Amino acid sequence: MAVAEAQLYAKVSNKHRSRSTSALLEPLLAKGFPAHIAQKALVATGQKTVEDAAKWLHSHCNDPSLDDPIPQEYALYLCPTGRLHSRLQDFWRESKRQCGKNRAHEVFPHVTLCDFFTCEDQKVELLYDVLRRVGDSFSQSFPPSISLTLHASPSYLGFFIDDSQANVLKEFAVAFSSEASALADCHVKPSLKQFHLTLAHRFYPHHQKTLEQLAKCINPGEPCQWVAALYSRDMRFVHYQRLRALFQYKPQNIDELMINAGDLIYVDPTQQGEVSEGWVIGTSHRTGCRGFLPENYTQKAHESDTWVKHREYVFETASRSFTKTEKEPNVKLNGEAHNPSMSRSVTNVLSPQNTALRRGVLVMRHGERVDQVFGKSWLQQCLTADGKYYRADLNFPPSLPRRKDSVKQFECDPPLSCCGIFQSSLIGEALLDQEVTVSYAYSSPALRCVQTAQHLLQGLKLNQKVKIRVEPGLFEWTKWEASRAIPNFMTVAELVEASYDIDTSYRGNFPLSSLVPSESFEDYVSRSSAVIKQIITACPSKGKGVILIVGHGSSLASLTRALTGLPNRDSGDFAQMVRKIPSLGMCFCEELKEDNKWQMVNPPVKTLTHGANAAFNWRNTIMGD
């Protein structure tokens, strides 16, 4: 761009900017907000309304980074709308249901025109001017329709854009980049890769066939209107995970984070190592505040959920030949727009209901154990001077089962708390309501697991019919044992004497003597793989029936991944994942028609979520003593 032309554009843009910016900025300045903070609020809300910016400022009143001069990062995307967008969204949902989440699910369907770049807050409106101006100049040459060709590889699936049409899009991206760089004084780079719209990325190779079949249900010639959209993100949290709050949480300590249902939380995986089990430390997208929060109050969110849409340019093309009344009706399914015709075409491809499912395997973590609530020294809190057990809190069990060796062995093999017993019974009753038939029950030798299986079967009203098979091979990764030794578990005879419904004829695949202290991760994964295969072999496949396995948090991944043929995680990722599994967290696998083929599906019931209930001292609290 010539210097004189750039100066002319700058004059025009500055006149436009002074009018529109002042219309939004001046009311905020009148309220007493400093100019740089008001600009920051406008940019954080997409410069839409004064009300949005004022609400953002109110929410961020305690944000320690409010004065930091950190700009946002921006990207320019070409996004489909209309019927094609609906089809792509249906593919997103169905591919996630059948094959699990992959990298493509993090962002909405798009073609990248310009990669992320930074721009100072006070110059962002120049980007809007450039987008409008360049869009106008390309409105006549923009392709009336865009040809999309499906391309597949073992780690990528997507549509490539025809070269002749891609060249026009590249010219548009280059024009935006050069003008934006000159006027807004930022470094904007157009995408140099072959233009494409990603459907799936970084998935497991054995899912490729399924994903391809689902993708072939998308008609790339569907009517579509394309828009060039400018998005921003907070550059401080690019490499963080995103969580969405499911429930409100009110802090009980000064270092905890206040969250409302729907809040988005940034979590740095590298900072979670020293956090207590069941908690994470994160930063609220809504308030900018940082603190601890219960992890089971959240679920994973998508990367783009925290992005802000600023402006878009709509390309009027010949393909926009349909009206709103001609669109196929959309209905709501689980809170999302859902198109019936696409649903039928996609789900009929590989729907579980069409594959003659047989057995099921329900893998579950044990319920709340006493040391989770009262700490590792819980036993000292409820032993008298002469070593007799008493109930120091109503969440302690009324009594401990008898065992021949010292009662102190319970320190390394703790029982369930009373809440843990209630949790287990409640899950059993929920399974009964869903008419789940458990044919076999296996448990780790840990007392908390045996108790969970017992109370769960009681809730199912099956405790007299299905006996618990105690399998030492189901014990957790021994490296995590605090004592660095294998606990002395209660014997089968002691469990029977304590009125647990144990299958006394069962002989474990892995004797207790085979468990090695501080085993390697590879040895643990190998043990888990062997034990799940032996359990499946030992349970006849005639008819339908669920195999219940009560183990530990690590069991959910190590057993189900081996069963479904998924590759192993590395030990670091594995440890991070296990930390997120709550008490009675569960996974469910169903057998397909082909022998030895299993897939993971939604469990028959949801897990149980509840808040903390701290110890209460009436004298200290009420009397102030």
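Residues numbered from 1 in each chain as written. Predicted model: local features only at pLDDT ≥ 70, side-chain atom pairs only at ≥ 80, totals over all residues. Heavy atoms only, no water.

Under an unreviewed UniProt entry, the protein chain has the name Ubiquitin-associated and SH3 domain-containing protein A and belongs to Erpornis zantholeuca. According to UniProt, the comment filed for the protein chain under the heading Subunit (unreviewed entry) is "Homodimer or homooligomer. Interacts with CBL. Part of a complex containing CBL and activated EGFR. Interacts with ubiquitin and with mono-ubiquitinated proteins. Interacts with dynamin." (UniProt positions renumbered as here; feature names shortened; annotations may be inferred.)

Asks: So what about the overall build of the protein chain? Which residues, and what values?
Replies: Assigned secondary structure in the protein chain consists of 17 helices and 20 strands. Sequence separation of 24 or more characterises 76% of the internal contacts of the protein chain that already satisfy a separation of 6 or more. Total accessible area on the protein chain is roughly 30400 Å²; 51% of this is exposed by carbon and sulfur atoms. (Helix = DSSP H or I, 4+ residues; strand = E, 2+ residues; numbered from the N terminus. Contact = heavy atoms within 4.5 Å. Areas by Shrake-Rupley, 256 points an atom, 1.4 Å probe, with all protein chains shown as cover.)

Asks: Lay out the sheet that holds strand E7 (residues 241-245) with the relevant residues and their values.
Replies: Ordered by their spatial adjacency, 5 strands build an open sheet running E10-E9-E8-E7-E11, and the pairing between neighbours is antiparallel. Strands with a single pairing partner mark the edges of an open sheet, and in this sheet they are strand E10 (290-294) and strand E11 (298-300). The mean inter-strand angle of the sheet, taken between neighbouring strand axes irrespective of direction, is 45°. Here strand E8 (residues 264-267) runs beside strand E9 (residues 279-284); their pairing, made up of 3 bridges, is antiparallel. Note that in E9 the partner of Tyr266 across the bridge is Thr283. (Pairing = 2+ DSSP bridges. Axes fitted to C-alpha atoms, helices over the stretch in contact; angles between N-to-C directions.)

Asks: Describe the nonpolar core, and please don't skip the residues or the numbers.
Replies: Ranked by size, the top nonpolar core spans 56 residues in total, and within it Phe176 and Leu199 carry the most contacts. Here this core gets 9 residues from one element, more than from any other, and that element is helix H6 (residues 163-183). Every residue in contact with Phe176, bar those within four places of it in the chain, is listed here: Leu76, Cys114, Phe117, Leu127, Val130, Leu131, Val134, Val188 and Leu230. (Core = buried A, V, L, I, M, F, W, Y, C linked by side-chain atoms within 4.5 Å. Buried < 20%, exposed > 50% of the residue type's maximum accessible area, 1.4 Å probe, protein only.)

Asks: An account of the environment of Gln599 is needed here, citing residue identities and associated values.
Replies: Following the sequence through the fold, Gln599 ends up in strand E20 (residues 598-601). Owing to a relative accessible area of 18%, Gln599 belongs among the buried residues under this scheme. Along the primary structure Gln599 and Phe588 are separated by 11 residues, whereas in three dimensions their C-alpha atoms are 8.5 Å apart.

Asks: Can you tell me about the pairing of E8, naming the residues and giving the values?
Replies: Of the two faces of E8, both are covered, the one formed by Leu264 and Tyr266 as well as the one formed by Ile265 and Val267. In this sheet, E8 lies alongside E7 in antiparallel orientation, the contact comprising 4 bridges. Opposite Arg244, over in E8, you have Leu264 as the bridge partner.

Asks: Kindly report on the sheet that holds strand E1 (residues 72-82), identifying the contributing residues and their values.
Replies: A sheet is described by the order of its strands in space; here 4 strands give the open sequence E2-E1-E6-E12, paired in antiparallel fashion. Each end of this open sheet is capped by a strand with a single partner; those strands are strand E2 (111-119) and strand E12 (308-314). Taking the axes of each pair of neighbouring strands and ignoring which way they run, one obtains an average angle of 25° across the sheet. Here strand E6 (residues 224-233) runs beside E12; their pairing, made up of 6 bridges, is antiparallel. The residue bridging Tyr231 from the neighbouring strand is Lys309, located in E12. Against the sheet, H6 makes contact with E1, E2 and E6, and its axis sits at roughly 10° relative to E2, the strand it touches most.

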